[in-house]
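Analysis of the macromolecular model
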Amino acid sequence: MLKFQSKRTFLGFQLLFIFINLFGYKLVAQNEPTIFNESRKLMGLSIHTGSGVYRDFSTSPLFYELPGLGITFSGIYHTDNTENRFDLDGGIYMWDEQFFQFNGYYHFLRNLPVLKSPKWNLKVGGALLMTQNLRINSSLQNAQVGYEAFTNLMLVGKISRDLSVSQPKPFKCWFIKGTKKPGKRMLSFQMNIGVLNFNSRPSTYNYVYLGAIYGTALSLDKLLKEYKWKLNGWRIGTQIDYTWFYPSGNGRRISYIWDVAHAPGSFEPFDMATHKLQYTILINNKKR
């Protein structure tokens, strides 16, 4: 019970820190009615905090929930009708166990002109998401190291609402009062659904023996040959973004990202989920 409360306390302080920083920034930008009719080329640097959850039935039927931190490098380019985004992401989740995750992500979206209001924008498209996990749990002794890889081809839908303000506007949220300054702002929701879901898991065991790594049981080369790609399982992800821009074209973004996957593998299934609260610095990289 004490361990569970300590994890929640740790996450609570992380969320409080980001909440304080969010209200500490002034949202200043140019007066323009919409942000969907512009070409933007942006580079992003993100930090995130949250939790990682996993369960491997072949080693332990228990869920492990671990607080963590991570960073993401992004490249974003969108025009009137399209959006390209590429991410490289790394996260470390640890308490008594360690869970390392690395992601490579790319999507291409095209505008779907079915919404009449210019304040709303809907894009659909496809994405490629590649993930590698490394797990270490010393309490499982010779089966303490776990490894798996995922490749997912996904259907993507993204809906955005232009919240730009052209004139100063007072606001009140509980005990907080202030004035919204003119600027470009956007709120968006994105959902990714796996269409083709591949996972690489051992064909004999769903975990890695320490003896295999140290060469006392079998060579590492032979160990990797035991991994077989399977087309099964499912994966779903969602992302909520609040973005604002400055007159320079640079911007900031606050995001909540949720990702969950299930991989039956060859024998026993593996489940994982991550929850991230992310802060991003957007750098205008468009040549003037």
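Residues numbered from 1 in each chain as written. Predicted model: local features only at pLDDT ≥ 70, side-chain atom pairs only at ≥ 80, totals over all residues. Heavy atoms only, no water.

Formed by Tyr54, Tyr64, Leu66, Tyr93, Phe99, Phe150, Ala261, Ala263, Phe270 and Met272, the largest nonpolar core amounts to 10 residues. Each residue touching Tyr93, except ones within four places of it in the same chain, is listed here: His48, Ser51, Gly52, Leu66, Pro67, Gly68, Gln98, Phe99, Thr274 and Lys276. Of all hydrophobic cores here, the second largest spans 6 residues; its members include Tyr105, Leu109, Ala127 and Val156. (Core = buried A, V, L, I, M, F, W, Y, C linked by side-chain atoms within 4.5 Å. Buried < 20%, exposed > 50% of the residue type's maximum accessible area, 1.4 Å probe, protein only. Contact = heavy atoms within 4.5 Å.)

Here we come to the confidence of the model for the protein chain. Chain-level statistics for the protein chain give a pLDDT mean of 81 and a share of 76% at 70 or above. Low confidence marks residues 1-6, where pLDDT is under 50. Its contacts with residues over four positions away, or in another chain, come to 4 contacts. For the stretch residues 209-218, pLDDT sits under 50, and the model shows 16 contacts to residues farther than four places along the chain or on other chains. (pLDDT = per-residue confidence, 0-100.)

Moving on, we come to the pattern of salt bridges. By the definition in use, this model includes 9 salt bridges. Between Arg135 and Asp56 there is a salt bridge, with the nearest N and O atoms lying 3.0 Å from each other. Here Arg135, found in strand β5 (residues 120-136), pairs with Asp56, found in strand β1 (residues 40-56); they are 79 residues apart in sequence, far enough to count as distant. Exposure class is identical for Arg135 and Asp56. Each is buried. Close ionic contact of Asp259 with Arg235 constitutes a salt bridge, the shortest N to O distance being 2.8 Å. Highlighted residues: Asp259 in strand β12 (residues 251-263) and Arg235 in strand β11 (residues 234-245), separated in sequence by 24 residues. Arg235 sits in the buried class, given a relative accessible area of 1%. (Salt bridge = Lys/Arg side-chain N within 4 Å of Asp/Glu carboxyl O. Helix = DSSP H or I, 4+ residues; strand = E, 2+ residues; numbered from the N terminus.)

Let us look at the pairing of strand β13 (residues 270-284). Buried residues dominate β13, accounting for 11 of its 15 residues. The pairing of β1 with β13 spans 15 bridges and is classified as antiparallel. Following the sheet pairing, Ser46 is matched in β13 by Thr280. When β12 meets β13, the two strands line up antiparallel, connected through 13 bridges. (Pairing = 2+ DSSP bridges.)

Looking now at the environment of Val260. Along the polypeptide, Val260 turns up in strand β12. Between the alpha carbons of Val260 and Trp234 there is a distance of 8.5 Å; along the sequence they are 26 residues apart. With residues near it in sequence (within four places) discarded, Val260 still touches Trp234, Arg235, Ile236, Met272 and Ala273.

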